[in-house]
Amino acid sequence: MYQSQTVIGRTLREKDAPLADCKWPDDALHYIPDWVYTSQAVYDLEIERIFRGKSWNFVALEAEIPEAGDYKRSYVGPVPVVVSRADDGSINVFENRCAHRGAEFCRHAQGNTREFVCPYHQWSYDLKGNLQGVPFRRGVNRAGGMPKDFKTSEHGLRKLHVATRHGVIFASYSAEVEPLEEYLTPEILEDFDVAFPGKKLKILGYYRNELPCNWKMYHENLKDPYHATLLHSFLVVFGLLVAGNKSAMFADKVHGRHGYMASAKTEEKYAVVSEENRKEMRSFNDGMRLEDERFLEFVKEFDSPWSVTMATIWPNFVIQREMNTLGVRHIIPNGPDSMIMQWTMFGYEDDTPEMERHRLRQGNLMGPAGFLGLEDNEAMKFVQEGLRRCTTGVNVLKLDADKVGASDTLISEAAIRAMYVYYRQVMGF
Amino acid sequence: MKNDHPLNRPRAIDSARALELRREIEEFNADYCATLDANDIEGWPDYFTDDALYRVTSRENAELGLPVGLVYAEGRAMMRDRAVAISRTQMFAPRYMLHVLSNTRVITEDAAGIRAQTAFLLMQTLVEGPTTLHLAGTYHDRFLRLDGRLKLAERQVVHDTNILANDLVYPV
């Protein structure tokens, strides 16, 4: 359901707290207050300090705009931007807002153009966002028009800083943000380069959905290996991520803001789970078998110890390498109680037709109708509704207590704690 | 819309024959939707041939020629795997779905089967929730006749809806 369509969906006043009332609990590592997810004031500050602060935001893949004049609509935080490739091959990101009267001028999801023309008064911009033409600039019959000191160079579109790595495009409002590679930190960069080794990507398609939950929950869900082994019967039954398998939860060692959940699938098609672990897992269904096992095949294509990694790159980017189904997810925050997820599924240009079909078949795991994806979406919606509407006010994160950062057990919340240590510092909580 | 648009194939069938087939396809779809709307998901694969293709994808993907599917099943076995997963193991809030179909259009009939399209609106009702228009789109179908009865050899569910509300649990 769209957040806007909720029938019984008022946030309790104390959950929509002003900043002055936002005091983090004393045991800061092990409790997260509900207002972090539900307060409009907190959300507004996040947009300013995080999405428009010293961060690199994912905006597009180069494979989407390979030719000069190619462009794509995108977002940095909740702000609509255009990602465009100019004639010199450069990639440019600018706000999708006409410098004149503010119209969001670019309406097509993607395309190719020689210039951007605002339909309202036809101000035109080049592929780098520079203002090039203002109709009737000199007026008509020497009357009206722009003042003599009007300079087009002072009225271009608001431009963002751009960085790319191996076909992935990021943008930033900040001139002070560290270079992209340094921003990603060494371990995360290493995992980034597995899915993005510099090979040409082939776009396989898009999913888009609204999740009626706070944007941070999506990061937390992918820093929470505990849920993965309990909620997702598919992962468990088919041995994709099982408590006891070789697996890990990484958090970047510099800030703790990025991370990835990793698992190595064994040769067995179906999981072998000990009697002791089985008792803990209600979703484990021993008798479950697939009729079409092609779905579970794992073609080893990367030089990585992990068959699955799900990377969360602060603040708006997820890299999905779930065996052979590959995708990036773009988080667009949409108020405290909503986020839009844009998924771009891809393979490589040198994939055989059979490999492409294998990726498509395995894609049933992910996305808004995926066996994992839909359960996550449901669970996060449940959490947001509980937080907004009920009177108790904290989340309890005591698994693997006191640890902050990476962990080699799945039964841990250390990576979520690492994210919030960083978050509190940025936000001043 | 241009004639070569992938979603608008020109009709090439005698109109009397089209009318006859349309009634049969409408009957087929009424049963198909009754099965789904009763949440009898494990009965859903029976409407397909063994090697049928079933895909749910956005109109955006379809128009760009991109192959991905929200649901992508090659063959009835994959559909049965999905049906069993949805009905027995997947976690989601309870809901009612209601398909409303219209504008059935028979396009061609030849050795490859009968090609037809039908517009649909898919309504969703959650516990204590409103009834919402969850998806709007068109089935692009190819039917074969097995033992005198129609079966789907291909159903491409192309939805205009661009941003899906949270998730899509059941087949469409």
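This one's a predicted model, so the numbers in the text were calculated from it and none came from an experiment.

A. Molecular detail of the confidence of the model for chain B. Mean pLDDT over chain B works out to 94, with 97% of the residues at or above the 70 mark. Our summary of model confidence lists the complex with pTM equal to 0.95 and ipTM equal to 0.95.

B. Quick peek at the domain arrangement of chain A. All names here are of chain A. Taken as a whole, chain A is organised into domain 1 (57-164) and domain 2 (185-427). The straight-line distance from the C-alpha centre of domain 1 to that of domain 2 is 36 Å. At the interface, 8 residues of domain 1 touch 14 residues of domain 2. Ranked by residue count, the leading element in the side of domain 1 that touches domain 2 is strand β2 (residues 57-61), at 3 residues.

C. Looking closely at helix α10 (residues 373-389) of chain A. All names here are of chain A. The end-to-end C-alpha separation of α10 is 25 Å, in line with the 24 Å expected for 17 residues at 1.5 Å each. Within α10 the residues assigned to the buried category are Gly-373, Leu-374, Glu-375, Asp-376, Asn-377, Met-380, Lys-381, Gln-384, Leu-387 and Arg-388. As for α10, its buried residues are in contact with α1 (35-38), β12 (201-211), α5 (215-222) and α6 (225-231).

D. Summary view of the sheet that holds strand β11 (residues 168-172) of chain A. All names here are of chain A. Reading across the sheet, the 7 strands line up as β2-β11-β10-β5-β4-β3-β6 and stay open at both edges, with antiparallel pairing between neighbours. Each of the sheet's edge strands pairs with one partner strand only, and the pair in question is β2 and β6 (110-112). Neighbour-to-neighbour, the strand axes of this sheet turn through a mean angle of 30°, independent of strand direction.

E. Geometry of the sheet that holds strand β2 (residues 71-74) of chain B. All names here are of chain B. The strand order across the open sheet built from 6 strands is β2-β1-β6-β5-β4-β3, with neighbouring strands paired in mixed fashion. In the strand order of this sheet, the two ends are held by β2 and β3 (95-110), each with one partner. Strand after strand, the sheet turns through a mean of 20° between neighbouring axes, direction not considered. Strand direction decides the pairing type here: β3 and strand β4 (residues 113-126), joined by 13 bridges, are antiparallel. Bridge pairing in β4 links His-99 to Leu-122. Docked against the sheet, helix α1 (residues 15-37) engages β3, β4, β5 (131-146) and β6 (149-159), running at close to 155° with respect to β3.

Thresholds applied
Residues numbered from 1 in each chain as written. Chains lettered and ligands numbered in written order. Predicted model: local features only at pLDDT ≥ 70, side-chain atom pairs only at ≥ 80, totals over all residues. pLDDT = per-residue confidence, 0-100. Domains from an automatic or database assignment. Contact = placed C-beta atoms within 7 Å. Helix = DSSP H or I, 4+ residues; strand = E, 2+ residues; numbered from the N terminus. Expected span 1.5 Å × (residues − 1). Buried ≥ 20, exposed ≤ 12 C-beta atoms within 10 Å, placed from the backbone. Pairing = 2+ DSSP bridges. Axes fitted to C-alpha atoms, helices over the stretch in contact; angles between N-to-C directions.

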